[in-house]
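Structural overview for review
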Amino acid sequence: MEVLPASVQQKVQRLEIFIAENEKTARRAIKKLVPEKSQPSLKFFLLNKHTDPAEIPSFLNACKEGEDIGLLSEAGCPGVADPGAEVVKIAHRERIQVVPMVGPSSILLAMMASGMNGQNFAFNGYLPIDKAARKSEIRNLEKLSVEKNQAQSFIETPYRNNKMLEDLIQILNPSTRICVACDLTLGTEFISTRTASEWAKTKMDLHKRPTIFIIQKDY
């Protein structure tokens, strides 16, 4: 409750139907938000990589009958680098009102604390896994950061974070700034912006810690 307003708690208290990536963790989150809420009556629709796209429109049937449905993200914000974007797209197509709830966004929090260009920045999601394609994309983002004076942010699967930082240090120009923002809003939060050459001299363990990376090369 340190990072979520009371309005979110109140809305969860009223909702009985949820769309989520994982029912177990969604129930746990709801229990933490509203401990007194009855769990047996809750209904969940699962939206993840295993969901048949043809099933998704039916998730919103209750909305057409005047009932509210909550969309939960497994991590981060619903609809941002998140499969929930697909159901939101369908909601707009069906003229169902979409109400975003206020909460922390790791992308914006990282940008706020990075010292990079908050006037012009881009979020690039996940970079390629293939080694050659990944190297090419990192160089391309560095080039864009100069040409457009645009901070470039992206994420990685948490267990590959250390390799990502190693790749950035090796591939980027030594003077290119790298912001590493991990565990945002948690007690273990760490945010630091340093040049690639400075990071090369720093010992940092990001293994399994949700992290936003931002790079920008100055003129």
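Right above here is the structure, for reference.
Residues numbered from 1 in each chain as written. Predicted model: local features only at pLDDT ≥ 70, side-chain atom pairs only at ≥ 80, totals over all residues. Heavy atoms only, no water.

**Focus on the pairing of strand β5 (residues 151-155)**
- Most of β5 is tucked away: 5 of the 5 residues are buried.
- Where burial is concerned, the two faces of β5 agree: the one with A151, S153 and I155 and the one with Q152 and F154 are both buried.
- Looking at chain direction, strand β4 (residues 121-126) and β5 are connected through 4 bridges and run parallel. Bridge pairing in β5 places F121 opposite A151.
- You can see the chain leave β4, run along helix α6 (residues 131-147) and come back into β5, and the turn it takes is right-handed.
- Two strands pair when backbone bridges link them, and β5 and strand β8 (residues 211-216) are joined in this way by 4 bridges, in the antiparallel orientation. When the sheet's bridge partners are listed, Q152 is paired in β8 with I215. (Buried < 20%, exposed > 50% of the residue type's maximum accessible area, 1.4 Å probe, protein only. Helix = DSSP H or I, 4+ residues; strand = E, 2+ residues; numbered from the N terminus. Pairing = 2+ DSSP bridges. Right-handed = clockwise from strand over helix to strand, strands pointing away.)

**Here we look at helix α4 (residues 84-93)**
- For α4, every residue scored as buried is listed here: G84, V87, I90 and A91. End-on, the buried residues of α4 take up no more than an arc of 120 degrees, which puts them together on one face. Structural note: α4 exposes K89 and R93 on the side pointing more than 90 degrees away from its buried face.
- Tucked into the core, α4 has its buried residues touching β1 (17-20) and β3 (70-71).
- Phi turns positive, to about 60 degrees, at R95, one or two residues after α4. (Arc of directions from axis to C-beta. Contact = heavy atoms within 4.5 Å.)

**Some details on the packing of aromatic side chains**
- Per the counting criterion, the structure on display carries 3 aromatic pairs.
- Arranged with centres 5.7 Å apart and planes meeting at 25 degrees, the rings of F18 and F44 form a pair that is stacked. Here the residue F18 occupies a position in strand β1, and F44 occupies one in strand β2 (residues 43-46), the gap between them amounting to 26 residues.
- Classification of F44 by relative accessible area gives buried; the value is 12%.
- Ring geometry for F154 and F213: centres 6.0 Å apart, planes at 20 degrees, overall stacked. (Phe/Tyr/Trp six-rings, centres within 6.5 Å; stacked < 30°, edge-to-face > 60°.)

**Topic: the sheet that holds β2**
- Read from one edge of the open sheet, 3 strands run β2-β1-β3, paired in parallel fashion. Unpaired on one side and paired on the other, β2 and β3 mark the two borders of the sheet.
- Pairing of β1 with β2, which is carried by 4 bridges, proceeds in the parallel orientation. By the bridge assignment for β2, A20 is matched with L46.
- Packing of helix α2 (residues 23-33) onto the sheet brings it into contact with β1 and β2, and relative to β2 it is tilted by some 135 degrees. (Axes fitted to C-alpha atoms, helices over the stretch in contact; angles between N-to-C directions.)

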